[in-house]
Amino acid sequence: MAGTKILIVEDEEALATLLEYNLGKENFDVALAGDGEEAMLKIEEEAPDLVILDWMLPKVSGIEVCRRLRAKPETRNLPIIMLTARSEETDRIRGLETGADDYLTKPFSTNELIARVRAVLRRIRPGLAEDKVTVGDLLVDRVSHKVMRGEKEIHLGPTEFRLLDHLIQHPGRVFSREQLLNAVWGSDVFVEVRTVDVHIGRLRKALNKHKQGDPIRTVRSAGYALETGR
Ligand code: CA
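Here goes a summary of the coordinates provided. (Residues numbered from 1 in each chain as written. Predicted model: local features only at pLDDT ≥ 70, side-chain atom pairs only at ≥ 80, totals over all residues. Heavy atoms only, no water.)

1. What to know about the coordination of the calcium ion
(1) Moving on: Distances from the calcium ion to its protein donors, namely Asp-11 (OD), Asp-54 (OD) and Met-56 (O), fall within the range 2.0 to 2.4 Å.
(2) Moving on: What makes Asp-11 partly exposed here is its relative accessible area of 34%. (Donors = N, O, S within 2.8 Å, 3.2 Å for Na, K, Ca; no water. Buried < 20%, exposed > 50% of the residue type's maximum accessible area, 1.4 Å probe, protein only.)

See below:
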């Protein structure tokens, strides 16, 4: 699944390297963090699509990272797979109560982990890696680059298309301007943050051309999200 970023938060270097290698082989983009503090920073900077989170971590524990992520609107729906040791049977249950989407008990096979990753992504983001994505009355066809709103076709410039394509893959999730810059323009390109506002403005105007309502929500001091609607 190219373009799908996974953050592995694991302080055991050998395991982290093994997971990085195997997920990389499956075409996931992989980022690593070695403790809970680094995890929070990387999630903020890189906006991963899914986090593999070890329970026992230095500085901030996995369970605390999970709690913090669930408490923030930007990361409330971020998929989390928790890793636990066999002895932490009760912790497992608490892990799910804290809001992890799934958990795996160590030791596990990398095939099992990859299967769980795919299952969680499918459940939470059914539009991922599909050619056509629908949210509310919006449809994005990524093969023909066609966008429909209800019965009407919407014409978008290439940048507005990429913005919408990114937002529609994560309906309801709030992205900061910096995160949208990285996702749509790439982190190696110098573009002013304000440019994001300009293109969001154009995207809004195009989507609301037939007065069907503005599907993009501005979250003050946080960023933008595509409303899941109805
Ligand atoms: Ca650990």
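We are not done yet, so read on.
2. A word on the sheet that holds strand β3 (residues 50–54)
(1) Moving on: Across the sheet, which stays open at both edges, the five strands sit in the order β2-β1-β3-β4-β5 with parallel pairing between neighbours. This sheet does not close on itself; its edge strands, each paired only once, are β2 (29–33) and β5 (102–106). Neighbour-to-neighbour, the strand axes of this sheet turn through a mean angle of 20°, independent of strand direction.
(2) Moving on: Where β3 and strand β4 (residues 80–85) come together, four bridges link them in parallel fashion. The partner of Ile-52 across the bridge, within β4, is Ile-81. (Pairing = 2+ DSSP bridges. Helix = DSSP H or I, 4+ residues; strand = E, 2+ residues; numbered from the N terminus. Axes fitted to C-alpha atoms, helices over the stretch in contact; angles between N-to-C directions.)

3. Re helix α8 (residues 193–207)
(1) Moving on: Spanning 15 residues, α8 covers 22 Å between terminal C-alpha atoms, matching the ideal 21 Å at 1.5 Å per step.
(2) Moving on: For α8, the complete set of buried residues consists of Val-196, His-199, Ile-200, Leu-203, Arg-204, Ala-206 and Leu-207. An end-on view of α8 places all buried positions within 160° of arc, on one side of the element. Facing away from the buried side of α8 by over 90 degrees, the exposed positions are Arg-194 and Lys-205. (Expected span 1.5 Å × (residues − 1). Arc of directions from axis to C-beta.)

4. Let's talk about the pattern of salt bridges
(1) Moving on: In total, this model carries 20 salt bridges according to the counting rule given.
(2) Moving on: Between Asp-197 and Arg-177 there is a salt bridge; the shortest N-O distance is 2.7 Å. Placement of Asp-197 in helix α8 and of Arg-177 in helix α7 (residues 177–185) is noted, with a sequence separation of 20 residues between them.
(3) Moving on: Residue classification places Asp-197 among the partly exposed positions, given a relative accessible area of 25%. (Salt bridge = Lys/Arg side-chain N within 4 Å of Asp/Glu carboxyl O.)

5. A closer look at the sheet that holds strand β9 (residues 152–154)
(1) Moving on: Read from one edge to the other, the open sheet built from four strands follows the order β6-β7-β8-β9, with strand pairing classed as antiparallel. With one partner strand each, in any of the chains shown, β6 (132–135) and β9 form the two edges of the open sheet. Adjacent strand axes in the sheet meet at a mean angle of 25°, parallel and antiparallel pairs treated alike.
(2) Moving on: Summarising the sheet, strand β8 (residues 146–149) and β9 pair through three bridges and their orientation is antiparallel. Within β9, the position partnered with Arg-149 by the bridge is Lys-152.

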